[in-house]
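Here is how the chains run, residue by residue.
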Amino acid sequence: MGLVLPPIEAYQVQHLPIVKAYADKIGLVEAINAVVPTEMEVDPGTIVLGMILDTLSGRSPLYRLEEFFAHQDTALLLGKAVAPEAFQDDTVGRILERLYDVGTMKIFTACAVRADRVYGLDKRYVHFDTTSISVYGEYLPLAGPPDQPEPAVPFTITHGYSKDKRPDLKQFVFSTLCVDRAVPLWGTPEDGNASDKTINNTLLSDIATFLATQGVAPGAYIYVADAALVTEDNLAALGDTLFITRLPATYSECGRLITEAVAHNTWEDVGVLAHTKPTKHRPVTSYKVYEGAVTLYGTPYRAVVVHSNAQDKRRQQRLVRDIQASYSSIQSTARTAEQHVYFCRADAEAAAAQLRAVHTAYHGMEVTVEAQPVYGRGRPSAHKPRPMKAMRYHLKTHINTHTARIARLEEEAGCFVLLTNVPTAGDMAHSARDILTVYKDQHGTEQNYGFLKDPVIVNRLFLKKPERIEALGLILWLALLLWRLMERTMRQHVDTTRTPLPGWDKKTTERPTSFMMVTKFAGVIVVKLGSQRHLARPLSGVQHQYLTALDVPVTYFTLPPG
């Protein structure tokens, strides 16, 4: 008899075992199964994990889930052998509807609470932001029986202000709360034409109750949001809630504070806040702050004027355009005046006085009167002076630039104002530097939207029911939760051990990202011989460094749970 070899299979697992490890760390599958009962053959937690793995694998559209898992080691990645047919469109659709019926916020909260228990998330700063997500298709309102009212929908897909610069497409709005290095704690879709100001007001009425369920006492956190927070209703709704936001430039007090700060010139130097090294296209940015006060709608607040040496490009460009327009205007006036001929000095002096009074915001004029003799016709004699018939007068102009004013305006263009009620003394005291540092972390929340708005995912939001899109949003939020937990763990490892990780271009980095980690594990292949699994090639030293920083054992690549 010939020797029978076990079947040999090869799977390109890349970084997906690491994602599975983090799902196991927070008990994601168990948390979902505990709140989403079902009699389906494959439990909903496993289906959700499969969709998360697909989302973090390279963003395959949902209708290719079955095809995706036809080429994956499901026993290794899902913890159990699951046939690819379990991820067919109908099954996934039913799971999405079931997730919506149970409540997407309830499910996400259950997973976020487990993540908090494992990682002890810092919830002192709660960052809020929104973004619009464009979708393709008609997305008509759902119609019920003729004699019945229209069925309620979680949100309306419609035209609205598009932050993607796609007003031709319908959209819905994602809003989110994040804590501790941009880890999402809460998220929900909103109507496509929902206003940030309205969403803020709605959320503010529930935020204290919501955070209390997460173990955050009133007054023990600071709410951080963008300038849309600043309305009379929102500030009233905040009550005693501590907050940090940006004062919109549309408020006259914003310009007053900036002018005051530049005039006083008593800045406190903050220096560089960035953790990453500057590059050619991203030069180092240094900050300085000035603290003032402002009263809005009868209530006094702290105001921190921030100056950045990088300066606001849009304001700088607007200032440059204004200066150019100013120069062109006064230059045109000067040229016209210089072409005029005056027959007496008195008239010329009067015109010069009028012209000296002409000025713009950035330029003024010096004007002198020049006399020009007029001689008779014919060749002048070599023996006697040329006789003068008359005297004419012209204006000579010189345009002056108000350099001091322009320098002041350039400095003002690099300023913005932060509004806050955070105290300067006590347990929650923050200096002006602290206020700026906390607000700059808002950028992490905005980066989350780059993840959620990946064109391959978002442009495939073909699901015709808003209920399914809300459930799909849950999948994206859970994927984002794991993504940020991985990044948070790596950065904590670097901070604790003072050991940077290999980054781009063979350079080390103290700010590793999850995407950076993904590139390090590209091409990792697991070979399966019967029930045994082996790596096609041993992991490299760089890959072992990342696994150490992630606190993930290498056995996740070769040993299924159990």
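Look above for the structure.
Residues numbered from 1 in each chain as written. Predicted model: local features only at pLDDT ≥ 70, side-chain atom pairs only at ≥ 80, totals over all residues. Heavy atoms only, no water.

Caption draft 1: Structural context of the overall build of the protein chain. When you go through the protein chain residue by residue, the secondary structure sums to 20 helices and 16 strands. Among the 562 residues that make up the protein chain, the fraction classed as buried is 48%. Long-range pairs, those at least 24 residues apart, make up 71% of the contacts in the protein chain between residues at least 6 apart in sequence. Entry remark: accessible area of the protein chain is about 28400 Å², with carbon and sulfur atoms responsible for 52%. (Helix = DSSP H or I, 4+ residues; strand = E, 2+ residues; numbered from the N terminus. Buried < 20%, exposed > 50% of the residue type's maximum accessible area, 1.4 Å probe, protein only. Contact = heavy atoms within 4.5 Å. Areas by Shrake-Rupley, 256 points an atom, 1.4 Å probe, with all protein chains shown as cover.)

Caption draft 2: The arrangement of helix α20 (residues 541–550) in detail. Of the residues making up α20, those classed as buried are Q543, Y546, L547, A549 and L550. All buried residues of α20 lie within an arc of 160 degrees about the axis, which places them on one face of the element. For α20, the exposed residues set more than 90 degrees away from the buried face come down to G541 and T548. The elements touched by buried residues of α20 are α1 (16–25), α18 (466–497), β13 (501–502) and α19 (514–520). (Arc of directions from axis to C-beta.)

Caption draft 3: Structural detail: empty space enclosed by the protein. Here the structure, examined in full by the defined rule, presents 3 cavities of 30 Å³ or more. Estimates place the volume of the second largest cavity at around 60 Å³. Contributing elements (two or more residues each) for the lining of the second largest cavity: α7 (104–119), β4 (183–190) and α18. Per-element tally for the lining of the second largest cavity: the top contributor is α18, with 4 residues. (1 Å grid on protein atoms, 1.4 Å probe; cavity = no way out; pocket = protein on both sides within 12 Å on 5 of 7 lines; lining within 4 Å. Points joined across faces, edges and corners; volume = space filled by probe spheres on them.)

Caption draft 4: Representation of the environment of Y301 within the structure. Structurally, Y301 can be placed in strand β9 (residues 299–308). Remark: the alpha-carbon pair of Y301 and P423, spanning 122 residues in sequence, is separated by 9.8 Å. The residues touching Y301, leaving out its near neighbours within four places in the chain, are L235, F243, G292, A293, V294, L296, L419, T420 and N421.

Caption draft 5: Up close: the packing of α7 against α18. As a packed pair, α7 and α18 sit with axes 10 Å apart at the nearest point and diverge in direction by 10 degrees. If you check the angle between α7 and α18, you find them roughly parallel. Judged by residue contacts, T104, I107, F108, C111, A112, A115 and Y119 of α7 engage E470, A471, L474, W477, L478, L481, L485, R488 and T489 from α18. When the residues that make up the contact of α7 with α18 are grouped by side-chain class, the tally is 12 nonpolar, 2 polar and 2 charged. (Axes fitted to C-alpha atoms, helices over the stretch in contact; angles between N-to-C directions. Parallel < 35°, antiparallel > 145°, perpendicular 65-115°, else oblique. Nonpolar A, V, L, I, M, F, W, Y, C, P; charged D, E, K, R; others polar.)

Any link to function would need more than the numbers given here.
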